[in-house]
Amino acid sequence: MKIYLASGNVNKKREMSEIFPNHTIITPKDQGISFNPVENGKTFYENSIIKAKALYDITLSPVIADDSGICVDALDGGPGIYSSRYGGPDFMQGRPDGEKTSQEDQNRMLIEQVNAVLKSGIDTSINKSQGLFPNGPRSCRYVCAMVLYLGPSRIFVAQETMEGILIDKIEDARGTGGFGYDPLFLIPGLGKTAAELTPEQKNSISHRGKAARVIQGMVKNISDFDEREGDK
């Protein structure tokens, strides 16, 4: 099946192509499609639907869209849906002028902000019953909401997480794989950051990999169902 990916991120295309080896993943750029929807949702799910519908309306073909980000418990879940726009503590939802902060600066500012908040003495134990701070004061997680959009009446959704620990200082960042905040994201029990994992290792445990496998199952079931319906 040919599936459009509602993203211009080449790293996401690579990961999705690895996760869906039996399908052809196509980005808008591959087809010369201008695609830049306004992501004004309040949740990962809402933003993924916005992107999926926008691309489906152009292509009238199956679309996979995801919205993902890093959620740090000490920052009340921030930067969350604003992870790609994060501009430090003064611009948690992005800079007013829309200018993108470099990933290097984002990584440095995120570590500095979390260190400052923890130094202020916030209580990191009171929310354990809510599933927060499972790995201590520096607990964080990647979240991915993924949508398979086959039309306005056929929408399939999966949302998954990958739990982690934010490194102590920017000098501890390591790894050349992955992208985004991966060099800061330490995986409990492995002693490695997400950027140190092989693509196969990352896809097996990542938020995007887990959500994609749920969607992958849906794709198979849909294909099987459509084939049976076509035989009637």
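These numbers come from a predicted model, not from an experiment.

S.K.: Quick one: what's the story with the pairing of strand 6 (residues 154-166), residue by residue and with numbers?
M.R.: Relative to strand 6, strand 5 (residues 139-151) runs antiparallel, the two being bridged by 12 bridges. Note that in strand 6 the partner of A145 across the bridge is Q159. Linkage of strand 5 to strand 6, two consecutive antiparallel strands, is achieved through a turn of two residues. Where strand 6 lies against strand 7 (residues 185-187), two bridges are found, and the strand directions are antiparallel. Along strand 7, the bridge assignment pairs I165 with L186.

S.K.: I'd love a proper account of the side chain of R138, names of residues and values included.
M.R.: Within the secondary structure, R138 sits in the loop between helix 3 (103-119) and strand 5. Discounting chain neighbours no more than four positions away, the residues touching R138 are I111, V114, N115, L118, G164, I165, L166, I167 and D168.

S.K.: Break down the pattern of salt bridges for me, with residues and values.
M.R.: Here the structure, examined in full by the defined rule, presents 18 salt bridges. As a salt-bridge pair, K169 and D172 come within 3.4 Å of each other at their nearest N and O atoms. Here K202 ties to D182 by a salt bridge, and the two come within 2.6 Å at their closest N and O atoms. Taken together, the positions of K202 in helix 4 (residues 199-205) and D182 in the loop between strand 6 and strand 7 put the pair 20 residues apart, joining distant regions of the chain. The exposure class of D182 is buried, given its relative accessible area of 2%.

S.K.: Can you break down the layout of surface pockets residue by residue, with the values?
M.R.: Of the pockets and cavities examined, the largest pocket occupies roughly 930 Å³. Looking at the largest pocket, it is lined by 31 residues, and the ones nearest its centre are N9, K12, E39, K51 and S84. Elements represented by at least two residues in the lining of the largest pocket include exactly strand 3 (63-72) and helix 5 (207-231). In terms of residue count, strand 3 provides more of the lining of the largest pocket than any other element does, three residues in total. Within the lining of the largest pocket, the residues separate by chemical class into 10 nonpolar, 11 polar and 10 charged.

S.K.: Pulling in residues and values, what's your account of the environment of K169?
M.R.: Of note, K169 is situated in the loop between strand 6 and strand 7. With a relative accessible area of 43%, K169 lands in the partly exposed category.

S.K.: Describe the nonpolar core, naming the residues involved and giving the relevant values.
M.R.: Formed by 21 residues in total, the largest nonpolar core has its most connected members in I70, V72, L110, L166 and F185. Elements that contribute at least two residues to this core include exactly strand 3, helix 3, strand 5, strand 6 and strand 7. Residue contributions to this core peak at four residues, all from helix 3. Non-local contacts of V72, meaning those with residues more than four positions away in its chain, are made with G77, G78, P79, L110, V114, S139 and C140. Within the second largest apolar cluster, 16 residues are counted, among which are I19, F20, A158 and V219.

Calculation criteria
Residues numbered from 1 in each chain as written. Predicted model: local features only at pLDDT ≥ 70, side-chain atom pairs only at ≥ 80, totals over all residues. Heavy atoms only, no water. Pairing = 2+ DSSP bridges. Helix = DSSP H or I, 4+ residues; strand = E, 2+ residues; numbered from the N terminus. Contact = heavy atoms within 4.5 Å. Salt bridge = Lys/Arg side-chain N within 4 Å of Asp/Glu carboxyl O. Buried < 20%, exposed > 50% of the residue type's maximum accessible area, 1.4 Å probe, protein only. 1 Å grid on protein atoms, 1.4 Å probe; cavity = no way out; pocket = protein on both sides within 12 Å on 5 of 7 lines; lining within 4 Å. Points joined across faces, edges and corners; volume = space filled by probe spheres on them. Nonpolar A, V, L, I, M, F, W, Y, C, P; charged D, E, K, R; others polar. Core = buried A, V, L, I, M, F, W, Y, C linked by side-chain atoms within 4.5 Å.

The quantities given are spatial measurements derived from coordinates; they are silent on function.
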